[in-house]
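# Examination of the molecular architecture
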Amino acid sequence: MIQVFLTSSVLALSAGAAQASCPVAGDLSRGIALHTSGAAPGYVDIYYGAAPGIVSFFAVEDGRVTYQETDAHGLYILTSLDLYDGPLNTDSYTYPGGLAELPKPAPGVDWSATVRRSANGETSTARHSYAFADPTALAIGACTYAAIPADVRVDGDDGPISHAIMYYLPELEISVLYATDIEGEMNVIFQSDRIGYADELAARPGR
């Protein structure tokens, strides 16, 4: 079980993350980029604002997009496209009640719904569950942000499909994968050690 260490001053991190060199949500139009030392050559995660409340995520390797995802509130998956081995069909996810019913990530919120997934001409359903904990702090290089842990589970008719801990960063309006369930144990996998802008850390996807 992952341990989340809370701090009494974490709600004041909005001011702490206001260092001039640290990106904020308003920079999504420019592109917010996270770099990880030791990852694949030229690998960087890039986030763009696609529409109000919608974030597009790109995994880029040596200037080539290998994975693309669109999320509501930077967390709830809407579409995904794996491009690592060439273009494939886009997976899309439909939520009951539409986007307006998706709760904004906040401490203490628990939400679940049966979500419909369309992929390669076929449809399936699974139960998506989100449980948000109290804020903690997440350091990315020289920048520190408030982070709301989200315990995210996906369960199908035959049992669990996935279980992960996402961190939603309100000051950036994005989420990052922090830990994942591997054979019943939660393992921290988040290793990003630098945060900046897409035009500094990587070329804009598609250019």
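Cut-offs used in this document
- Throughout this description, residue numbers start from 1 for each chain and increase along the sequence as written.
- Only residues with pLDDT of at least 70 get local features here, since the model is predicted, and only at 80 or more are side-chain atom pairs given and counted; chain-wide, interface and lining totals rely on the full set of residues.
- Based on all heavy atoms of the structure, the side-chain values leave hydrogens and waters out of the count.
- Strands are runs of DSSP state E lasting at least two residues, helices are runs of H or I lasting at least four, and both sets are numbered from the N terminus onward.
- We call a residue buried when its accessible area falls under 20% of the maximum for its residue type, exposed when it is over 50%, and partly exposed in between, using a 1.4 Å probe and counting protein chains only.
- Residues are treated as being in contact if the distance between any of their heavy atoms lies within 4.5 Å.
- Here the accessible surface of atoms and residues is derived via Shrake-Rupley with a 1.4 Å probe, and residues count as covered only by protein chains that are part of the display.
- As a per-residue measure, pLDDT reflects the predictor's confidence and takes values from 0 up to 100.
- Aromatic rings from Phe, Tyr and Trp, taking only the six-membered ring of Trp, are treated as a pair when their centres fall within 6.5 Å; an angle between ring planes under 30 degrees marks them as stacked, one over 60 as edge-to-face, and anything in between as tilted.
- The rule for a charge over a ring is simple: NZ of Lys or CZ of Arg within 6 Å of the ring centre, and within 35 degrees of the ring normal.
- Every case where a carboxyl oxygen of Asp or Glu lies within 4 Å of a side-chain nitrogen of Lys or Arg is listed as a salt bridge.
- Our working definition of a disulfide is a cysteine sulfur pair at a distance within 2.5 Å.
- The pocket and cavity definitions rest on a 1 Å grid over protein atoms only: a 1.4 Å probe that fits but cannot leave marks a cavity, an open set with protein on both sides within 12 Å along at least five of seven lines marks a pocket, and residues lining either have an atom within 4 Å of a point.
- Grid points are joined across faces, edges and corners, and a volume is the space filled by probe spheres set on the points.
- Amino acids outside the nonpolar list (Ala, Val, Leu, Ile, Met, Phe, Trp, Tyr, Cys, Pro) and the charged list (Asp, Glu, Lys, Arg) are all regarded as polar, and Gly is one of them.

For the rest of this paragraph, the subject is the overall build of the chain. Of regular secondary structure, the chain possesses two helices and 14 strands. The burial tally for the chain puts 45% of its 207 residues in the buried class. In the chain, of all internal contacts separated by at least 6 residues, the share reaching a separation of at least 24 is 42%. Element-wise, carbon and sulfur atoms account for 50% of the exposed surface of the chain, whose accessible area totals about 10,800 Å².

Another point: the confidence of the model for the chain. On average, residues of the chain score 87 in pLDDT, and 86% of them reach the 70 mark or higher. Note that pLDDT drops below 50 for residues 1-18; the model gives that stretch 29 contacts with residues more than four away or on any other chain.

Further remarks concern the packing of aromatic side chains. Counted under the stated rule, the structure contains 11 aromatic pairs. Ring centres of Y130 and F132 lie 6.5 Å apart, and the angle between their planes is 10°; this geometry places the pair in the stacked category. Y130 gets classed as buried once you look at its relative accessible area, which sits at 5%. Cluster of aromatic residues (ring-pair linked, three or more members): Y76, Y95, W111, Y130 and F132. The residue whose ring lies beneath R30 is Y197, and the NZ or CZ to ring-centre distance is 3.9 Å.

In this section: the pattern of salt bridges. The full count for this structure, using the stated rule, is four salt bridges. Residue R30 is joined to D199 by a salt bridge in which the shortest nitrogen-to-oxygen separation is 3.1 Å. Separated by 169 residues along the polypeptide, R30 in the loop between α1 (13-16) and β1 (32-35) and D199 in helix α2 (residues 198-201) bring together distant segments of the chain. On the accessibility criterion, R30 (35% relative accessible area) is partly exposed. Here E200 makes a salt bridge to R30, at a shortest N to O gap of 3.4 Å. Note that E200 is positioned in helix α2 and R30 in the loop between α1 and β1, a separation of 170 residues in sequence.

In this section: the state of the cysteines. Summed over all chains, the structure comprises one disulfide. Paired by a disulfide, C22 and C143 hold their sulfur atoms 2.1 Å apart. Between C22 and C143, the S-S dihedral sits near -100°, and the bridge is therefore left-handed. Taken together, the residues C22 in the loop between α1 and β1 and C143 in strand β10 (residues 143-156) connect sequence positions 121 residues apart. Each of the two residues, C22 as well as C143, counts as buried.

Glancing now at the layout of surface pockets. Space inside the largest pocket adds up to approximately 1,000 Å³. Lining the largest pocket we find 38 residues, and of these Y67, E69, I77, M166 and L177 sit closest to its centre. Those elements that place two or more of their residues in the lining of the largest pocket are β2 (44-51), β3 (54-61), β4 (64-72), β7 (110-119), β8 (122-132), β10, β11 (159-169) and β12 (174-182). A per-class count over the lining of the largest pocket returns 21 nonpolar, 12 polar and five charged. Taken as a whole, the second largest pocket encloses approximately 170 Å³ of empty space. For the second largest pocket, the full set of lining residues is L28, G49, A51, P52, G53, I54, V55, H73, G74, K104, Y168 and E173. Contributing elements (two or more residues each) for the lining of the second largest pocket: β2 and β3. Taken together, the residues that form the lining of the second largest pocket break down as six nonpolar, four polar and two charged.

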